[in-house]
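# Topology and contacts: notes
Residues per chain, in single letters:
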Amino acid sequence: MSADTPSNTSSFSIPEDIQHLYDQIELHNYRYHVLDEPSVPDAHYDQLFKSLKAWELQNPQAVSPQSPTQRVGAQPKSGFSQITHEMPMLSLDNVFDSDELSDFVTRIQERLGLNSDSSIEFACEPKLDGIAVSLLYEDGILVRGATRGDGSIGEDITHNVRTIDSIPLKLLGSGYPQRLEVRGEIYMLKAGFEQMNIQAEKVGEKRFVNPRNAAAGSIRQLDPRITAKRPLEMCCYSVGIVEGGEIPEDHFATLKLLNEWGLKINPYLIKVSDTQAQIDYVTKMQALRSELPYEIDGLVFKVNRYSLQQRLGFISRAPRWATAYKFPAEEAVTTVDNVEFQVGRTGAITPVARLVPVFVGGVTVSNATLHNMDEIERLDLKVGDSVVVHRAGDVIPKVVRVLLDERTDNVSEVVVPTACPICESDIERIEGEAIARCSGGLTCAAQRKEALIHYASKKALDIDGLGDKLIDTLVSKELVEKFDDIYHLSKNNLVRLERMAEKSADKLLATIERTKQTTLARFIYALGIREVGEATARNLATEFGFLNRIIEADEERLVQVSDVGPIVAKHIARFFAQAHNLEVIEALRAAGVTWPEAEPLDVGELPLAGKIYVLTGTLEQMGRSEAKVFLQELGAKVAGSVSKKTDCVVAGAAAGSKLKKAQDLEIEVLTEPEFIEFLKVHGVVLDL
Ligand code: D41
């Protein structure tokens, strides 16, 4: 949080503070709505707004007509004509946790005069983080597109919506009302957004802050040729005007019908009738959030039946029958206390920002990666700056932006070290590479420690119980230095360590012993060869079958392995050319580490050779990337979309259009349990 962000409202008893708050909110408003260039995350803005509202609630006599709370939306950009919505586009109230969600349901039951255990059907859908728009169809023809604007007046964006492929210019089928207004969200896919920013940087243009602002900026272009190039989509979530025709009696059925008329709806739309199912939906979607191809900032719950919606009505522009369930914001503002440099497994020196702790993406974050030296320059970051921190899913938090407007005189330059902060070896930086490295190799304690952590990690030797902290202790007590030292640890060594009871020492030693039996792929991955990840290690193991053959292979042979390019081949060859690496391998073999070796199977002999598989929906027992690797191991190709050439579709939960297409094309479909059974039959070992 910036220094001037109120933590409570009591500090705003004097009007100057309030004026300052007005100014801040108005500035953010202008940047957000007019320039499409916000400088702070929404949550920060919401916080300011909330503080002002709270103060005004305490001081109702002092609410000025100039207060930002007294107007809705912002001025439209000049150049667009205005559209008055015949039926206002309502806004949504928010809830933030399951208690508030259940209060929302209770209020509805009470208003409808129902008792607390009577069930009401709700439609649930993701809340897409884009911009709300209205489309008007007359006799099935798209005649107008408009932004929501302030809910009453929006901007005419007909020329731009016509460029969006997921918006039909003419409705499909028949039976639609003569006049039909469809409402929904225009948004940008995450991948398209990344692509756009890469392109923007190449030509020296400014990056967009996030997919939502990129979508807003794209839809409010005066030149539709620019909009047409942007990867936009639209998903529908309600209807407005309905004249000269009928729609079903509930929201869910209406959306399904819109879908039949050619409009896109969200595949995760479901109906639920009890609180538990609502909570399950929240849990499921929260887990899925970071994997979705678009950003969502929450979910929307709507009373399904229109007759009930009507009875409930709305207050101050928000329907009583709907609410947004907001997820924790993935961005927050905080201050950089310091920048320190960490040494990774391969010697890469990564700058890390030490932050004033801040709650973001559901956890408190006090460190964020800055990737490399170039990034500090690109961000123009100084110690003491206010920054925006992003944390999505389980990904490492990162600093995405510096709030240059808020920079004070109390900032200092980041001091880049010239020697390794751990072992004082020289730092090397290859021309044209962004990464600086410690040249100490395994003589550097930091690199040794990281190498050991990697060796013991889940995808490598999988020595459960030998994690970061224990390795840290073992290295600093000089009990472990090289990989094979792990196998020479004694119970005596272990029980002397803090927090290591006899039972856990026994357990750890048993795990170390058991995991000596490994696979060639795990072993190669564990060695920590630069650029050799899990998939490359698997490919090397499958194609060579024997470690010695890999050691002997030259670069020319190595590039024939799938996924191995000239750079990776060079790293592999270089690794095995170094005598001390071969010694490490010998020492591990001598300590009893073994793996089965066998003549590699000819790719053509694999059970799924030549078959094309498509994965869709959410797999609950394994990740999609895992499923992909399993299929590839059996010789199948995994494609992204369903076509006539597809042999089989594996459909997880909430599978959408791909599943439908597979059914239309009469392609074999496996459910997740069927898929797992199928893998087992083909001898794939699953550790689920
Ligand atoms: O996905 C969304 N962003 C979304 C927004 C959604 N799925 N449903 C919505 N439903 C409504 C009502 C209940 C008023 C028809 C909305 C919005 N409103 C909305 N978007 C922006 C302001 C309001």
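Rules behind the numbers
- Residues numbered from 1 in each chain as written.
- Predicted model: local features only at pLDDT ≥ 70, side-chain atom pairs only at ≥ 80, totals over all residues.
- Heavy atoms only, no water.
- Helix = DSSP H or I, 4+ residues; strand = E, 2+ residues; numbered from the N terminus.
- Contact = heavy atoms within 4.5 Å.
- Areas by Shrake-Rupley, 256 points an atom, 1.4 Å probe, with all protein chains shown as cover.
- Lys, Arg positive; Asp, Glu negative; His and termini not counted.
- Charge placed at Lys NZ, Arg CZ, Asp CG, Glu CD.
- Pairing = 2+ DSSP bridges.
- Axes fitted to C-alpha atoms, helices over the stretch in contact; angles between N-to-C directions.
- Parallel < 35°, antiparallel > 145°, perpendicular 65-115°, else oblique.
- Left-handed = near helix turned anticlockwise from the far one by under 90°.
- Nonpolar A, V, L, I, M, F, W, Y, C, P; charged D, E, K, R; others polar.
- Core = buried A, V, L, I, M, F, W, Y, C linked by side-chain atoms within 4.5 Å.
- Buried < 20%, exposed > 50% of the residue type's maximum accessible area, 1.4 Å probe, protein only.
- Near = heavy atom within 4 Å.
- Polar contact = N/O pair within 3.5 Å; in protein donor to acceptor, adjacent residues only side chain to side chain.
- Patch = residues over 30% accessible without salt bridge, like charges linked within 9 Å, V, L, I, M, F, W, Y side chains within 5 Å.
- Salt bridge = Lys/Arg side-chain N within 4 Å of Asp/Glu carboxyl O.
- Right-handed = clockwise from strand over helix to strand, strands pointing away.
- Phe/Tyr/Trp six-rings, centres within 6.5 Å; stacked < 30°, edge-to-face > 60°.
- pLDDT = per-residue confidence, 0-100.

## With respect to the overall build of the protein chain
Tallying secondary structure elements over the protein chain gives 24 helices and 24 strands in all. Projected onto its principal axes, the C-alpha positions of the protein chain cover 80 × 65 × 55 Å. Taking the contacts inside the protein chain whose residues are at least 6 apart along the sequence as the reference set, 67% of them involve residues at least 24 apart. When the accessible surface of the protein chain is split by element, carbon and sulfur atoms take 50% of a total near 34,700 Å². Of the charged side chains in the protein chain, 76 are positive and 101 negative; the average position of the first set lies 2 Å away from that of the second.

## Notes on the sheet that holds strand β13 (residues 322-326)
The 5 strands are arranged β2-β13-β10-β3-β9 in an open sheet whose pairing can be described as mixed. Among the strands making up the open sheet, the edge pair consists of β2 (94-95) and β9 (270-272). In the packing of helix α3 (residues 98-111) onto the sheet, contacts are made with β2, β3 (122-128), β10 (296-303) and β13, and the angle to β13 comes to roughly 175°.

## Thoughts on the packing of α3 against helix α9 (residues 275-288)
Where α3 contacts α9, the axes come no closer than 11 Å and their chain directions differ by 140°. As summarised for this structure, α3 and α9 are arranged oblique, according to the angle between their axes. Note on packing geometry: the crossing formed by α3 with α9 is right-handed. From α3, S98, L101, S102 and V105 reach across to α9, where they touch T275, Q278, I279 and V282. In the contact of α3 with α9, the residues fall into 4 nonpolar, 4 polar and no charged.

## Here we look at the nonpolar core
Ranked by internal contacts, the top residues of the largest apolar core, which has 54 residues, are Y455, I463, Y487, I524 and I572. Within the residue set of this core, elements represented by two or more residues are α12 (445-456), α13 (468-476), α15 (502-514), α16 (520-526), α17 (534-544), α18 (547-552), α20 (566-577) and α21 (579-590). Counting residues per element, this core draws most heavily on α16, at 6 residues. Among residues more than four places away in sequence, those in contact with I572 are I529, V532, L540, I550, L558 and V564. The next biggest cluster of nonpolar side chains, apart from the first, holds 34 residues, and it includes F80, V182, L232 and L255.

## Here's the deal with the site of the ligand
The full set close to the ligand counts 17 residues, and L90, E125, L128, Y237 and K302 are the nearest of them. L128 places a polar main-chain atom, nitrogen or oxygen, 2.8 Å from an oxygen atom of the ligand. One nitrogen or oxygen atom from the side chain of Y237 is found 3.1 Å from a nitrogen atom belonging to the ligand. Notes on the ligand: free accessible area 490 Å², of which the protein chains cover 89%. Within the shell around the ligand, the residues separate by chemical class into 10 nonpolar, 2 polar and 5 charged.

## A word on a negative patch on the surface
A surface patch of negative charge is lined by D97, D99, E100 and D103. As for its position among the elements, D97 is in the loop between β2 and α3.

## A word on the environment of L489
Structurally, L489 can be placed in the loop between α13 and α14 (491-495). Separated by 23 residues in the primary sequence, L489 and I512 have C-alpha atoms spaced 9.4 Å apart. What L489 contacts, discounting residues up to four positions off in sequence, is L474, L479, V480, L494, L509 and I512.

## Overview of the pairing of strand β24 (residues 668-671)
As defined by bridge partners, strand β23 (residues 648-651) adjoins β24 across 4 bridges and the pair is classed as parallel. In the sheet register, V649 faces β24, and the bridge partner there is V669. Chirality of the crossover, the property in question, places the unit of β23, helix α23 (residues 657-664) and β24 among those that are right-handed.

## Re the packing of aromatic side chains
Tallying each qualifying case throughout the model produces 10 aromatic pairs. Residues F104 and F122 carry aromatic rings whose centres are separated by 5.9 Å and whose planes lie at 50° to one another, so their mutual orientation is tilted. Of this pair, F104 sits in helix α3 while F122 sits in strand β3; the two residues are 18 residues apart in sequence, bridging distant segments of the chain. The burial state of F104 is the same as that of F122; both residues are buried. For the ring pair Y281 and F301, a centre distance of 6.3 Å and an interplane angle of 80° mean the geometry is edge-to-face. Pair noted here: Y281 is in helix α9 and F301 is in strand β10, with a separation of 20 residues, a long-range link. Looking at Y281, the relative accessible area reads 4%, which means it is buried. Relative accessible area serves as the criterion here: at 0%, F301 is assigned to the buried category.

## Regarding the packing of α12 against α13
It is the contact of α12 with α13, at a shortest axis distance of 10 Å, that shows an interaxial angle of 135°. The angle between the axes of α12 and α13 places the two elements in the oblique class. As for the relative orientation of α12 and α13, their crossing is right-handed in sense. Contacts between α12 and α13 involve K449, L452, I453 and A456 on the former and, on the latter, D468, I471, D472 and V475. A class-by-class count of the residues in the contact of α12 with α13 yields 5 nonpolar, no polar and 3 charged.

## Considering the pattern of salt bridges
Applying the stated criterion to the full structure yields 33 salt bridges. One salt bridge connects E201 with R378, and the closest N-O pair in it is separated by 3.7 Å. Taken together, the residues span a long stretch of sequence, with E201 in helix α5 (residues 190-202) and R378 in helix α11 (residues 373-379) at a distance of 177 residues. Where D380 meets R407, a salt bridge forms, and the shortest distance between an N and an O atom there is 3.7 Å. Highlighted residues: D380 in the loop between α11 and β17 (386-390) and R407 in the loop between β18 (398-402) and β19 (427-429), separated in sequence by 27 residues. Look at D380 and you get partly exposed, because its relative accessible area is 31%. Using a relative accessible area of 24% as the deciding quantity, one classes R407 as partly exposed. When salt bridges with common partners are traced through the structure, they connect D380, K382, D385, R407 and E413 into a single cluster.

## Some details on the confidence of the model for the protein chain
In this model, the protein chain carries an average pLDDT of 89, and 95% of its residues clear a pLDDT of 70 or more. Mean pLDDT across the secondary structure elements of the protein chain bottoms out at helix α1 (residues 15-34), with 76, and peaks at β3, with 98. Contacts from residues 1-14, a stretch scored under 50 in pLDDT, to residues over four places away or in other chains number 26 contacts. The model gives residues 72-77 a pLDDT under 50, and that stretch makes 11 contacts with residues more than four places away or in other chains.

## Comments concerning unusual backbone geometry
The residue E478 is not glycine, and still its phi comes out positive at about 60°. The topology assignment puts E478 in the loop between α13 and α14.

## Structural notes on α17
Inspection of α17 places T536, A537, N539, L540, A541 and F544 among the buried residues, and these make up the whole buried set. In this structure, the buried residues of α17 make contact with α16, α18, α19 (555-558) and α20. Among the residues trailing α17, G545 stands out with phi positive, at a value near 80°.

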